[in-house]
Amino acid sequence: MSAADSKNDLKIDLSDALPFVPGDISSRLLDWYALAGRDLPWRRTRDPYRIWLSEIMLQQTTVAAVTGYYQRFLERFPEVTTLAAAPLEEVIDLWAGLGYYARARNLHAAARMVVEDFAGKFPRTTQELMLLPGVGRSTAGAVSALAFDQRAPILDANVRRVLCRLFALQEQPRSGSAEKKLWIWAEKLTPHESVHDYTQAIMDLGALVCTSSNPRCEQCPLESLCQARRQNLVGLLPLKVARKKIPSRQQLALLLVDQGRCLVQRRPTSGLLGGLWEFPGIDVAGEDPLEAVHQYCAGLEKIDKLSLLGQAQHTYSHFRLEVSFYRVDLEPRNRVEQGAQHWLPLADLTQLPLHGAHKKLLPLIGA
Ligand code: SF4
């Protein structure tokens, strides 16, 4: 969950003066939005279930990537009750390809909480919405404002960028001090009326005009008030966040093939990459890879052929996984499936929600 969605520090100090009248910002944004706002599928509703679903899907994901998933989810789970009643594995499978799979697990857990603890009705306030798994302060604010027109500030990536520039914030935007200021400003700028439209307007300004690269300041309704524009700092703000160094792990992944089918396994639904599929793998730390593959396969049976298909790496939030991918052709046999393992036709691999590192292996087998 992002710092924007921190569940702490809800109290903010409203005493600081602003470099402009907040009402000027909201009225300019509302006028601009009436002419230039986006028409998106989840904007044609005030249903909190649909708005919440879209907000979760849009976290760290583009509108273009989300649209198809949003429609497919609603066809399969038209109400929060149908989502809550579904098995988690089905939700994860439908989420396949959208990434950040913790969102799918939280989505399912939150739907169950709405049904069990809120009698199937979404709560209206930021504080109550933040009780739902995967819902931080900004997402809660968005649902509260967009579904219920409640005066609730948001601080998603687009709004964060707009505010950093509008106030010429020259601090690391993820620092505690910057976070506090940004929430204060977001709160002060949120109007007492037309909160629904204002919230969409400031999101759209960040998505369409105050973009991360090449912002279109000359088309911006806030240009004459923007502190970064006045101080010639637009290209520098928000300040770049220094990337953390993360450890690497090495793994051998095995494409075990028998008569056009390969072995895949589903990870346990709790824990890292929970509920996603993968090829059988062996973690290694310096040992001879061929020997490790042979050792692993010794318990299976005779190997017809063994070959290195290629390598791939994928960065997760806390580590980088470097994978060497071996194809192991086994002697043909009728195979019995065990536990989470499954013999899948090679042609069906692209339909499977593999975790990120193993998904990158598919081009190596022409899938
Ligand atoms: S003037 Fe430029 S930098 Fe300032 S808010 Fe508008 S688009 Fe962003």
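Residues numbered from 1 in each chain as written. Predicted model: local features only at pLDDT ≥ 70, side-chain atom pairs only at ≥ 80, totals over all residues. Heavy atoms only, no water.

Draft legend 1. Region of interest: the side chain of Ser26. Note that Ser26 resides in helix α1 (residues 22-36). Assessed through its relative accessible area of 8%, Ser26 is described here as buried. In this view, Ser26 contacts Leu189, Pro191 and Tyr198; residues no more than four positions away in its chain are not counted. (Helix = DSSP H or I, 4+ residues; strand = E, 2+ residues; numbered from the N terminus. Buried < 20%, exposed > 50% of the residue type's maximum accessible area, 1.4 Å probe, protein only. Contact = heavy atoms within 4.5 Å.)

Draft legend 2. How the structure looks around the site of the ligand. If you check the shell around the ligand, you find Arg165, Val209, Cys210, Cys217, Cys220, Glu223, Cys226 and Val234 and nothing else. In a pocket analysis with a 2 Å cut-off to the grid points, the ligand is assigned to the largest cavity. Here the residues of the shell around the ligand are counted per class, giving six nonpolar, no polar and two charged. (Near = heavy atom within 4 Å. 1 Å grid on protein atoms, 1.4 Å probe; cavity = no way out; pocket = protein on both sides within 12 Å on 5 of 7 lines; lining within 4 Å. Sits in = over half its atoms within 2 Å of the grid points. Nonpolar A, V, L, I, M, F, W, Y, C, P; charged D, E, K, R; others polar.)

Draft legend 3. Structural view of empty space enclosed by the protein. For the structure on display, the rule yields two cavities of 30 Å³ or more. Put simply, the largest cavity is a space of about 140 Å³. Contributing to the lining of the largest cavity are 15 residues, with Arg165, Cys210, Cys217, Cys220 and Cys226 lying nearest its centre. Secondary-structure elements contributing two or more residues to the lining of the largest cavity are α9 (157-166) and α11 (195-209). Across the lining of the largest cavity, the residue classes tally to 11 nonpolar, no polar and four charged. In this structure, the second largest cavity encloses a volume near 50 Å³. Elements that contribute at least two residues to the lining of the second largest cavity include exactly α9, α10 (176-189) and α11. (Points joined across faces, edges and corners; volume = space filled by probe spheres on them.)

Draft legend 4. Structural detail: unusual backbone geometry. A cis geometry characterises the amide bond from Leu237 onward to Pro238, with omega recorded as -5°. Along the polypeptide, Pro238 turns up in the loop between α12 (227-230) and β1 (248-258). Unusually for a residue other than glycine, Leu273 sits at a positive phi of about 55°. Mapped onto the elements, Leu273 comes out in the loop between β2 (261-266) and β3 (277-278).

Draft legend 5. Layout of the environment of Ala242. Checked against the element boundaries, Ala242 lands in the loop between α12 and β1. Separated by 151 residues in the primary sequence, Ala242 and Val91 have C-alpha atoms spaced 35 Å apart.

Draft legend 6. Just the environment of Ala85, in detail. For Ala85, the position within the fold is in helix α4 (residues 80-85). Taking C-alpha positions, Ala85 is 46 Å from Leu222, a pair spaced 137 residues apart along the chain.

Draft legend 7. Expanded view of the pattern of salt bridges. As enumerated under the stated definition, the model contains 13 salt bridges in all. For Glu187, the salt bridge goes to Arg151, with nearest N and O atoms at 3.3 Å. Note that Glu187 is positioned in helix α10 and Arg151 in the loop between α8 (137-148) and α9, a separation of 36 residues in sequence. On the accessibility criterion, Glu187 (18% relative accessible area) is buried. According to the relative accessible area criterion, Arg151 is partly exposed, its value standing at 32%. We note a salt bridge from Glu179 to Arg160, for which the minimum N-O separation is 3.3 Å. Of this pair, Glu179 sits in helix α10 while Arg160 sits in helix α9, and the two are 19 residues apart along the sequence. The two residues Glu179 and Arg160 agree in class, both being buried. Shared partners join several salt bridges into a network, and the residues in it are Arg38, Arg43 and Asp204. (Salt bridge = Lys/Arg side-chain N within 4 Å of Asp/Glu carboxyl O.)

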